[in-house]
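# A structural walkthrough
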Amino acid sequence: MHRTQIYLDDAQTARLDRRAAAEGESRSTLIRRAVDHYLTQEEQDAATWRAQWKQAVEKTAGIASHLEEGAEYVESIRRQDAKRLSDL
């Protein structure tokens, strides 16, 4: 365990104390539980986002098959821009 100090305003402290009393727990226990919940939710949200991103990439992969591959496409665009600029 590591000791951590935080500042809570009066309303937060009162609400936390009421909840702690109702559950028969300490402030510290409730705060640890809240931190665990927050971190777990954040990890689940990140995992969900990654899964959705992967699904989107898989669905769109190859959708623009008429375009050249990565570096070739970029070089083609650069050549077109260079020609356009030289024509100006």
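The structure presented is a predicted model; accordingly, all values stated were derived computationally and were not measured. (Residues numbered from 1 in each chain as written. Predicted model: local features only at pLDDT ≥ 70, side-chain atom pairs only at ≥ 80, totals over all residues. Heavy atoms only, no water.)

For the pair helix α1 (residues 10–23) and helix α2 (residues 27–60), the least separation of the axes is 9 Å and the interaxial angle reads 100°. With respect to each other, α1 and α2 are oriented roughly perpendicular. Two secondary-structure elements touch here, α1 through Thr13, Leu16, Asp17, Arg19, Ala20 and Glu23 and α2 through Arg27, Leu30, Ile31 and Arg33. Partitioning the contact of α1 with α2 into residue classes produces 4 nonpolar, 1 polar and 5 charged. (Axes fitted to C-alpha atoms, helices over the stretch in contact; angles between N-to-C directions. Helix = DSSP H or I, 4+ residues; strand = E, 2+ residues; numbered from the N terminus. Parallel < 35°, antiparallel > 145°, perpendicular 65-115°, else oblique. Contact = heavy atoms within 4.5 Å. Nonpolar A, V, L, I, M, F, W, Y, C, P; charged D, E, K, R; others polar.)

With that settled, consider the pattern of salt bridges. With the rule as written, the count across this model stands at 7 salt bridges. Note that Asp17 is salt-bridged to Arg27, the shortest N-O span being 2.6 Å. In this pair, Asp17 sits in helix α1 while Arg27 sits in helix α2, placing the two residues 10 residues apart along the sequence. Residue Arg27 is classed as partly exposed on the basis of its relative accessible area, which comes to 39%. A salt bridge links Lys83 to Asp87; its shortest N-O distance comes to 3.0 Å. With a gap of 4 residues between them, Lys83 and Asp87 both fall in helix α3 (residues 70–87), about one helical turn apart. Exposure remark for Lys83: the relative accessible area of 52% places this residue in the exposed category. (Salt bridge = Lys/Arg side-chain N within 4 Å of Asp/Glu carboxyl O. Buried < 20%, exposed > 50% of the residue type's maximum accessible area, 1.4 Å probe, protein only.)

Glancing now at the environment of Thr13. With respect to the element layout, Thr13 can be found in helix α1. Look at Thr13 and you get partly exposed, because its relative accessible area is 21%.

Before going further, it helps to examine α2. For α2, spanning 34 residues, the distance from its first C-alpha to its last is 49 Å, which sits close to the expected 50 Å at 1.5 Å a residue. A positive phi of about 80° marks Gly62, the residue just after α2. (Expected span 1.5 Å × (residues − 1).)

Summary statistics for the chain give a mean pLDDT of 92 and a share of 100% for residues scoring 70 or more. Across the chain, α1 holds the top mean pLDDT of 97, while α3 sits lowest at 90. (pLDDT = per-residue confidence, 0-100.)

Taken as a whole and judged by the stated rule, the model has 1 aromatic pair. Aromatic side chains Trp49 and Trp53 sit 6.4 Å apart centroid to centroid with 15° between the ring planes, which places their arrangement in the stacked category. Of this pair, Trp49 and Trp53 both sit in helix α2, 4 residues apart, roughly one helical turn. Of the two residues, Trp49 and Trp53, neither departs from the other in class, the shared state being exposed. (Phe/Tyr/Trp six-rings, centres within 6.5 Å; stacked < 30°, edge-to-face > 60°.)

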